[in-house]
Amino acid sequence: MATNRGEFSSRFGFVMAAAGSAVGLGNVWGFPTQAADNGGAAFLFVYLLLALTLAYPTLMAELIIGRHAHANAVSALRLISPGRGTARFGTVTGIYGFIVASLILAFYAIVAGWIIAFFLASACQLLGLDGLADWLTRFGMGRNLLFMALFMLLTIGIISEGVQRGIERWSSRLMPLLLATLLCLVLYVMTLEGAMDGLKVYLLPDFGAALKPGLIIAALGSAFFSLSLGVGTMLIYGSYLTDRENLPVVGSLVTLVDILIAVLAGFLVLPAMYVALHNGVQIFTDSGELISGDSLLFTVLPELFSTMGIAGVIVSMVFFFLMSIAALTSSISMLEVPVAYTIEEHNVGRKKAVFVIGGLIAAASAVILLNFETLFGLTVSFTTRYSQPLLGFVFCLYAGWLWHRDKLLQELRKGNPEVAQGLFWKVWPWHVKFVCPLIILAIFGQALLG
Ligand code: TRP
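Remember, predicted model here, so these are calculated numbers, not experimental data.

Asks: Give a detailed account of the packing of aromatic side chains, specifying residues and quantitative values.
Replies: Taken as a whole and assessed by the stated rule, the structure comprises 30 aromatic pairs. With 6.5 Å between their ring centres and 80 degrees between their planes, Trp29 and Phe298 make a pair best called edge-to-face. With Trp29 in helix α2 (residues 25–37) and Phe298 in helix α14 (residues 293–306), this residue pair connects regions lying 269 residues apart in the sequence. Under the relative-accessibility criterion, Trp29 is labelled buried at 15%. Here Phe298 falls in the buried class, since its relative accessible area comes to 9%. Note on Phe319 and Phe320: the rings are 5.2 Å apart at their centroids and 80 degrees apart in plane angle, and the pair reads as edge-to-face. Considered together, Phe319 and Phe320 belong to a single accessibility category, that of buried residues. These aromatic residues form a ring-pair network of at least three members: Trp29, Phe107, Trp114, Phe118, Phe139, Phe298, Phe305, Phe319, Phe320, Phe372 and Phe376. Directly above the ring of Trp170 sits Arg173, whose terminal nitrogen or CZ lies 4.7 Å from the centroid.

Shown next as structure tokens:
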């Protein structure tokens, strides 16, 4: 195996990188609106429960397998397979994972491109370049292609620098910036008229809404997407960890940062929506539900900002800047999956692998953009709804059933000699063997039926 494959230099660097992967559009945008739709604090409660009981154990499965193999998902699953058949199945799983990761990046880059365009539009408005600002916020094909390509170039630039100088350095810079920006925005929005109404919707549980069918499944899906599980992202980040690191501890830190930022984003987006309502912006659909999805991000919030005069332009700029950072620290973790595979399995240099694969993914993105109506939704549901839970299921099977229990314990002992006496070892192996696969099967069944 490659000895020169790169390694995170510190616990802080790893946690920033893995939390950077986890914290993305799913947290800042997906979580708050789902909470609003599904009974506020009641949804929060369900989400927290699922993040801790399902997402954290699955994250641990990926981290432990990755750190043990110090390799990409294909070699890692082959390595822990007890026989030939399971090894072959591991290869197929790893390859399927890297294709899914690439496709997730293909649609993510499109949305991230829109976000960067909105960020620049606010900057243009500030400079009085209204014509340009207008072009930037209209969804023309030229603009869409240009900004998708720009976002891919940023992602390619960071990944081509490797683990420490690329992923770790940029995540350690961008994540604290993201947290600080988010806090400033939350504090500012709280001072505005109408914010308290939003806060009430977010924090007062409405258990009637929380018991809606489909809520638990929705919360599960978003917890899974939010922690970047299933496609081998966390496995590959785990593979860059040193053997001295205590895995259950770093895994919990990553989960906690991810939850913290999702919860914080709720303190921003829900109050902001009710400030918008107060300012006369429509925030409910005709059927009485809160507007969510892309119209929230690209219509409701911009309308809110435009009711706030010059302060609104600045807030808008800061807001879309925040979203751009969140997207970038996630996209690099997606690109690293196929890149690591190609470097290690096919002996290609990093720069070449990054440019070729990044170029192919950008081309796939362009194809999706050119056939947006048919391909966009299809790509999203194929990857996040079906493939991610299915792949997560397979990772749990490897960690829970196929990998030898003693070897697993040996791996955990490396950074944590007393692990066998602790709670983690008492609960997790059993949990990942039975509970996680069963819950994931339930999500998958639901996704297939619904
Ligand atoms: N977790 C990120 C978010 O919340 C998205 C993400 C990054 C992701 N890497 C991933 C999703 C790998 C699935 C698979 O936006």
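Asks: Describe the site of the ligand, naming the residues involved and giving the relevant values.
Replies: With respect to spatial proximity, 17 residues lie near the ligand, and among them Ala22, Gly26, Tyr108, Phe225 and Ser226 are the closest. At 2.9 Å from a nitrogen atom of the ligand is found a main-chain nitrogen or oxygen belonging to Ala22. Contacts to the ligand include Gly26, whose backbone N or O atom sits 3.0 Å from an oxygen atom. Protein chains shield 100% of the accessible area of the ligand, which is 360 Å² for the free molecule.

Asks: Tell me about the nonpolar core, residues and numbers included.
Replies: Judged by nonpolar contacts, the single largest core of 162 residues is most densely connected at Phe14, Ile65, Tyr237, Leu297, Phe319, Leu335 and Trp428. With 19 residues, the top contributor of residues to this core is helix α5 (residues 84–126). Excluding residues that lie within four positions of it along the chain, Trp428 makes contacts with Pro57, Met60, Ala61, Ile64, Ala399 and Leu408.

How each quantity is defined
Residues numbered from 1 in each chain as written. Predicted model: local features only at pLDDT ≥ 70, side-chain atom pairs only at ≥ 80, totals over all residues. Heavy atoms only, no water. Phe/Tyr/Trp six-rings, centres within 6.5 Å; stacked < 30°, edge-to-face > 60°. Helix = DSSP H or I, 4+ residues; strand = E, 2+ residues; numbered from the N terminus. Buried < 20%, exposed > 50% of the residue type's maximum accessible area, 1.4 Å probe, protein only. Lys NZ or Arg CZ within 6 Å of the ring centre and 35° of its normal. Near = heavy atom within 4 Å. Polar contact = N/O pair within 3.5 Å; in protein donor to acceptor, adjacent residues only side chain to side chain. Areas by Shrake-Rupley, 256 points an atom, 1.4 Å probe, with all protein chains shown as cover. Core = buried A, V, L, I, M, F, W, Y, C linked by side-chain atoms within 4.5 Å. Contact = heavy atoms within 4.5 Å.

Bear in mind that shape data such as this cannot, by itself, settle questions of function.
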